[in-house]
Amino acid sequence: MKTPIPASSDPARRLTKVIRSGDVDALAEMLEADPDVARTTVDDGTCVRSTLHLATDWPGRRKNVGQTIAMLVGAGCDPNI
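These notes cover the structure that comes with them. These figures come from a predicted structure and were not determined experimentally.

**As for the sheet that holds strand β3 (residues 48-50)**
One key point about sheets: their strands pair by backbone hydrogen bonds, in either a parallel or an antiparallel sense.
At step 1: Taken in spatial order, the 3 strands of this open sheet run β1-β2-β3, and their pairing is mixed. Strands with a single pairing partner mark the edges of an open sheet, and in this sheet they are β1 (5-6) and β3.
At step 2: Judged from the 2 bridges that link them, β1 and strand β2 (residues 41-43) form a sheet pairing that is parallel. Bridging from a neighbouring strand, P6 pairs with D43 of β2.

**Some details on the side chain of T68**
At step 1: In this structure, T68 sits in helix α4 (residues 65-74).
At step 2: If sequence neighbours within four positions are ignored, T68 has contacts with I19, G22, V24, L27, A55 and K63.

About the criteria used
Residues numbered from 1 in each chain as written. Predicted model: local features only at pLDDT ≥ 70, side-chain atom pairs only at ≥ 80, totals over all residues. Heavy atoms only, no water. Pairing = 2+ DSSP bridges. Helix = DSSP H or I, 4+ residues; strand = E, 2+ residues; numbered from the N terminus. Contact = heavy atoms within 4.5 Å.

Quick look at the structure:
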């Protein structure tokens, strides 16, 4: 697992926004530019979340969540974290 990045950082904010909005085109671009982004974890000071956690966190019902999860796992995100 990669070292967690602070949730307040620009890369973490962008990644979180892309995943939670269901923007699979932007996610595909991010993964193409850096496949390791799938294994990124985000630390908000109280919790460290994987990219899969970002996709499935409360309140749920995220747009394109199935496709997002498939893309992240396909790029190497470990679903067992």
